[in-house]
Amino acid sequence: MKKLAVVLICVIVTQLSFSQNTILWKVTDTVTHKTSTIVGTFHQFGNTFVDSIPQIKMYLYQSDLAIFESINTTEQTQKLINSRESSKTIEREFSKKDFAKLQEITKDWGVDIYKLKPIELKWKLQQEFQKIKCETNNPLDTWTHFDNYLMHLATGKGVEVLGLETNTSQLEFINQHFGNPKWKDEKKNIRSLLNMLHGDTNYPQNCQLAKDYRNFRLDYEFDLPCKNDILVKQRNENWMQVLPDLLKNKNCFLAVGFMHLKNSCGLLEQLKNMGFIVEPIVIEKR
């Protein structure tokens, strides 16, 4: 009996561990039998990574509706930021050397850096760090944003798309989450990111999540609560006001950041608690 118990425990642990080695999940409504797919994205991975997992396109093209955090394009977000009043504060906060680094890094961003808020600049530099230092973007990528590439694929195949929020609300969430910091609050962090991006040094400790995501070594920590924040928990609550009805009535494809699927407040656990069947999909990489 003891041997049998040990074997059963090992099987359960193995299944639990295996079930989380994926970024794809199947969600089934037990009444309407509509079946949807949820992919937890890492926004800064490009199209070559997406293309290496053929199932993603297969499930996307089979869906009646593709749902994203936002369906506003990069160009629309750039236009929104560029419509603001300029401020020379950013130039006064940094040395000439640091400001020159900033201009070099941001030259292809398509936004006027004089119109960025401090946290938006830091946020964007962190994304650049992932792309450059963590190599989430491949030199062969023609699309450098996971979710935007999926949206491009969906519209190209005539799949209906829906956004859960707008680019305006996303920028507001970011600023609210960090308390609308001033330049003096973020200057040190921004300077540090500039130095890290400009040097040849690698920072493996800062790239661990990207590495784990690339290799599907993911722990969703379903038994742990979420932090009480706006960016994940509050947005999840907002989205859960509309998602259940959509998943009950259509075969959907939902693409949201991986962090929105984690913990007890994650979309997967909330859907499971509402009676949906939630199952991991085994990844078949090309």
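Since the structure is predicted, the reported quantities are computational estimates derived from the model, not experimental observations.

Novice: Tell me about the state of the cysteines, and name the residues and values.
Specialist: What makes a disulfide is a covalent bond joining the sulfur atoms belonging to two cysteines. Tallied over the full model, the rule gives two disulfides. The residue that forms a disulfide with C134 is C207, at a sulfur-sulfur distance of 2.1 Å. Between C134 and C207 the sulfur-sulfur dihedral comes to about -80 degrees; the bridge is accordingly left-handed. With C134 in the loop between α7 (118-132) and α8 (146-156) and C207 in the loop between α10 (183-198) and α11 (208-214), this pair connects stretches of sequence that are 73 residues apart. At a sulfur-sulfur separation of 1.8 Å, the disulfide partner of C226 is C265. Taking the torsion about the sulfur-sulfur bond, which here is approximately -95 degrees, the covalent link between C226 and C265 counts as left-handed. With a gap of 39 residues between them, C226 in the loop between α11 and α12 (230-239) and C265 in the loop between β5 (252-257) and α14 (267-273) connect regions that are remote in the sequence. An identical accessibility class is assigned to C226 and C265; each is buried. Assigning the bonded cysteines of the chain consecutive numbers by sequence position, one obtains the connectivity 1-2, 3-4.

Novice: Residue-level account of the packing of helix α3 (residues 54-62) against α8, with values.
Specialist: Following both chains from N to C, one finds α3 and α8 inclined at 45 degrees, their axes separated by 10 Å at the closest point. On the basis of their axis angle, the class for α3 and α8 is oblique. Note on packing geometry: the crossing formed by α3 with α8 is right-handed. Facing α3, whose interface residues are I56, K57, L60 and Y61, α8 presents F146, Y149, L150, L153 and A154. Counted by class, the contact of α3 with α8 contains eight nonpolar, no polar and one charged residues.

Novice: Can you break down the pattern of salt bridges residue by residue, with the values?
Specialist: Summed over the entire model, instances satisfying the criterion amount to 14 salt bridges. Here E120 ties to R84 by a salt bridge, and the two come within 2.8 Å at their closest N and O atoms. Placement of E120 in helix α7 and of R84 in the loop between α4 (74-82) and α5 (89-93) is noted, with a sequence separation of 36 residues between them. Residues R217 and D212 are paired through a salt bridge, measuring 3.3 Å at the closest nitrogen-oxygen approach. Several salt bridges converge on common partners, so that one network encompasses E69, E165 and R235.

Novice: Break down the environment of C265 for me, citing the residues and quoting the values.
Specialist: The exposure class of C265 is buried, given its relative accessible area of 10%. Residues C265 and F178 lie 87 residues apart in sequence; the distance between their C-alpha atoms is 20 Å. Contacts of C265, omitting those with residues within four sequence positions, involve C226, K233, N236 and Q270.

Novice: Could you give me a rundown of helix α6 (residues 96-106), with the residues and numbers involved?
Specialist: Think of an α-helix as turning once every 3.6 residues; residues three or four places apart then point the same way. Of all the positions in α6, only D98, F99, K101, L102, I105 and T106 are classed as buried. Down the axis of α6, the sector holding all buried residues measures 155 degrees, keeping them to one side. Of the exposed residues in α6, those oriented more than 90 degrees away from the buried face are K96 and K97. Where α6 is buried, its residues contact α5, α7 and α10.

Rules behind the numbers
The written sequence of each chain sets the order in which its residues are numbered from 1. Selection of residues for local features in this predicted model requires a pLDDT of at least 70, selection of side-chain atom pairs for listing and counting requires 80 or more, and totals for whole chains, interfaces and linings are taken over all residues. Only hydrogens and water are set aside when side-chain values are computed; all heavy atoms of the structure are taken into account. Cysteine sulfur atoms are paired as a disulfide whenever they come within 2.5 Å of each other. The helix and strand labels rest on DSSP assignments: H or I over at least four residues marks a helix, E over at least two residues marks a strand, and numbering proceeds from the N terminus. Relative accessibility under 20% of the residue-type maximum defines a buried residue, over 50% an exposed one, and the middle range a partly exposed one, all with a 1.4 Å probe and only protein chains included. For helices, the axis comes from a line fit to the C-alpha atoms of the stretch in contact; other axes are also lines fit to C-alpha atoms, and the angle between any two N-to-C directions lies between 0 and 180 degrees. Roughly parallel means an angle under 35 degrees; roughly antiparallel means over 145; roughly perpendicular covers 65 to 115; every other angle is labelled oblique. In a left-handed crossing the near helix is turned counterclockwise from the far helix by less than a right angle, and in a right-handed crossing that turn is clockwise. Note on contacts: a residue pair qualifies if any of its non-hydrogen atoms lie within 4.5 Å across the two residues. Amino acids outside the nonpolar list (Ala, Val, Leu, Ile, Met, Phe, Trp, Tyr, Cys, Pro) and the charged list (Asp, Glu, Lys, Arg) are all regarded as polar, and Gly is one of them. Any carboxyl oxygen of Asp or Glu that lies within 4 Å of a side-chain nitrogen of Lys or Arg is treated as forming a salt bridge with it. Directions drawn from the helix axis to the C-beta atoms are what define this arc.

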